[in-house]
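Each chain, letter by letter, is given below.
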Amino acid sequence: MDFIKQEDALYYLTAEDIMISSEKVAHVQLNNPLEHALLILLKSGYSAVPVLDSKYRFKGTIGKGSILNETLGLERFEMENLSTKTVESIMDTDIPCLKKSANFFECLKILIDYSFICIIDENGFFDGIVTRRAILKQMNQYFHVNKDVFKLL
Ligand code: AMP
């Protein structure tokens, strides 16, 4: 084979093709106390998860690092902050999101700086996430399937 078949081209993949759908994504809610968010993060093993409102609209992300930062006092860990502060008060809101129709390369570009991208619809409802792992998996498969073409170049 000395050409890349259209169905093997990464360009034709959309975020929808490679995303983890919302039902399978661990998340926390705006009004959850930080201790609940930390529990979800530690139990799931993820370093950050999406934050949603009660209607499943995407609002931001929260990570272990920023939660632990809230416990840093001048002379001791202020663990009480974990029950008094909410996710909403410290979550990151300045993060890029994409629609399900975004193409592979739009996802790849954002995943250089973020470990996952949130996929939302036109009304802000959460559809799922695309992870670095999903992108790397597709690239690995692409180079493997087309290895004969790359040898010829
Ligand atoms: P990965 O590329 O699989 O290592 O995933 C990158 C990041 O995406 C993880 O560190 C988590 O922050 C997030 N993530 C992956 N899968 C899930 C999931 N099922 N639920 C929530 N967050 C996830």
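Notes on the structure follow. Each chain carries its own residue numbering, running from 1 in the written order of its sequence. With the structure being a predicted model, the display of local features is reserved for residues of pLDDT at least 70 and the display and counting of side-chain atom pairs for 80 or more, all residues being used for whole-chain, interface and lining totals. Excluded from the side-chain calculations are hydrogens and water; all other atoms, namely the structure's heavy atoms, are used.

This next bit is on helix α7 (residues 132-145). Helical geometry note: an α-helix holds 3.6 residues per turn, so side chains three or four residues apart project in the same direction. Over its 14 residues, α7 runs 20 Å from end to end, which matches the ideal 20 Å to within 8%, given 1.5 Å per residue. Along α7, the residues classified as buried are Ala134, Ile135 and Tyr142. Taken end-on, α7 shows its buried residues confined to a sector of 100°, consistent with a single buried face. Facing away from the buried surface of α7 by more than 90 degrees, the exposed residues are Arg133, Leu136, Lys137, Asn140 and His144. Going along the chain from the N terminus, every DSSP run of H or I of four or more residues is numbered as a helix, and every run of E of two or more is numbered as a strand. Working rule for helices: expected span equals 1.5 Å times residues minus one. Buried means the residue's accessible area, taken with a 1.4 Å probe over protein chains only, is under 20% of the maximum for its type, while exposed means over 50%, and partly exposed covers the values in between. By construction, the arc corresponds to the directions joining the helix axis to the C-beta atoms.

Next up on the list: helix α2 (residues 34-44). Considered for burial, the residues of α2 that qualify are Leu34, Ala37, Leu38 and Leu41. The arc that holds the buried residues of α2, viewed along the axis, is 100°, so those residues lie on one side. Throughout, a contact is declared for two residues whenever any of their heavy atoms are within 4.5 Å. Where α2 is buried, its residues contact β2 (28-29), β3 (48-52), β4 (58-63), α3 (64-69), α4 (81-84) and α5 (87-90).

Each regular strand displays side chains that alternate between the two surfaces of the sheet. With respect to burial, β4 is a largely interior element, five of its six residues being buried. A pair of strands is labelled paired if DSSP reports no fewer than 2 bridges between them. The pairing of β3 with β4 spans five bridges and is antiparallel. Opposite proline 50, over in β4, you have threonine 61 as the bridge partner. Counting the residues that bridge the hairpin from β3 to β4 gives five residues, and of these tyrosine 56 lies at a positive phi of roughly 75°.

The subject of this paragraph is the state of the cysteines. Criterion for a disulfide: a pair of cysteine sulfur atoms at a distance within 2.5 Å. In this structure the tally under the stated criterion is zero disulfides. The structure places no disulfide on cysteine 97, whose sulfur is separated from the nearest cysteine sulfur, that of cysteine 118, by 5.5 Å. With no disulfide of its own, cysteine 107 lies closest to cysteine 118 among cysteine sulfurs, the gap being 12 Å. Owing to a relative accessible area of 0%, cysteine 107 belongs among the buried residues under this scheme.

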